[in-house]
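Report on the structure
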Amino acid sequence: MNAVESFACTGVLPTARTHSRALLTDASSGSSRSHRMPITNVGVVGCGLMGSGIVQVAAQAGFQVLFVEADEELVKRGLMRLHETLEGLVKRGKIEARDRDAAVGRIAGTTRLEDLKSSDLVVEAMTENQALKNETFAKLDRICPSTTVLASNTSSCNVTAMA
């Protein structure tokens, strides 16, 4: 894995509606020094139930979000799910229509993992398949700069093996 592997993400601190900083602590040396890294572009691998929730929350928080799916049909399905969820929030009075429109404007989908190369943070939220996750992280490690934070939303796979 890249240089990010030596850091443990200890939180995301919102500093403004459209800007956040990840607080990273150097875990490899036991050092207490922290590094602040701006996060503006978020990538999400997978836009199923969990992935779409991550995309939605990140977009509503003001981040530009690009999600990756296996094919165009799944990209369309993901976008439809996101539109329906945000529209439901408007109908229930949880958000204003302008906030829905702003969030939708910050979301895009693709089938190309390579399109995540400008992401500051990439969250993997794909099917629980260890081999597929390992392969995806290996590709992301080659595609993304060393400053990109690579994260997983796994519930059952070995995170150490992904590294």
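My aim in this report is to walk through the structure given alongside it, one point at a time. (Residues numbered from 1 in each chain as written. Predicted model: local features only at pLDDT ≥ 70, side-chain atom pairs only at ≥ 80, totals over all residues. Heavy atoms only, no water.)

For the rest of this paragraph, the subject is the nonpolar core. Within the largest apolar cluster, 23 residues are counted, with the highest numbers of intra-cluster contacts made by Val42, Val44, Val55, Val65 and Phe67. Mapped onto this core, the elements with two or more residues apiece are strand E3 (34–39), strand E4 (41–45), helix H1 (49–60), strand E5 (64–68), helix H2 (72–91) and strand E7 (121–124). Looking at this core element by element, the count peaks at five residues for H2. The contacts of Val65, once residues within four sequence positions are left out, are Val42, Val44, Val55, Ala58, Ala59, Arg106, Ile107 and Ala108. (Core = buried A, V, L, I, M, F, W, Y, C linked by side-chain atoms within 4.5 Å. Buried < 20%, exposed > 50% of the residue type's maximum accessible area, 1.4 Å probe, protein only. Helix = DSSP H or I, 4+ residues; strand = E, 2+ residues; numbered from the N terminus. Contact = heavy atoms within 4.5 Å.)

Before going further, it helps to examine the pairing of E4. For E4, the tally of buried residues reaches four of five residues, placing the bulk of the element in the interior. The sheet contact formed by E4 and E5 spans five bridges and is parallel. Opposite Val42, over in E5, you have Val65 as the bridge partner. Note that the unit made of E4, H1 and E5 has a crossover that is right-handed. Bridge count for E4 against E7 is four bridges, and the pairing is parallel. (Pairing = 2+ DSSP bridges. Right-handed = clockwise from strand over helix to strand, strands pointing away.)

What follows concerns the packing of H1 against H2. Interaxial distance between H1 and H2 falls to 10 Å at its minimum, and their mutual angle equals 55°. Compared by their axis directions, H1 and H2 come out oblique. The interaxial crossing formed by H1 with H2 has right-handed handedness. Each of Leu49, Ser52, Val55, Gln56 and Gln60 in H1 lies in contact with H2, whose residues at this interface are Arg81, Leu82, Thr85, Leu86 and Leu89. Along the lines of polarity and charge, the residues of the contact of H1 with H2 split into five nonpolar, four polar and one charged. (Axes fitted to C-alpha atoms, helices over the stretch in contact; angles between N-to-C directions. Parallel < 35°, antiparallel > 145°, perpendicular 65-115°, else oblique. Left-handed = near helix turned anticlockwise from the far one by under 90°. Nonpolar A, V, L, I, M, F, W, Y, C, P; charged D, E, K, R; others polar.)

Put simply, side chains in a regular strand alternate between the two faces of the sheet. The alternating pattern of E7 places Leu121 and Val123 on one face and Val122 and Glu124 on the opposite face, and all of these are buried. Across four bridges, E7 lies against strand E8 (residues 149–152) in parallel orientation. From the neighbouring strand, Val123 faces E8, where its bridge partner is Ala151. Note that the unit made of E7, helix H4 (residues 130–143) and E8 has a crossover that is right-handed.

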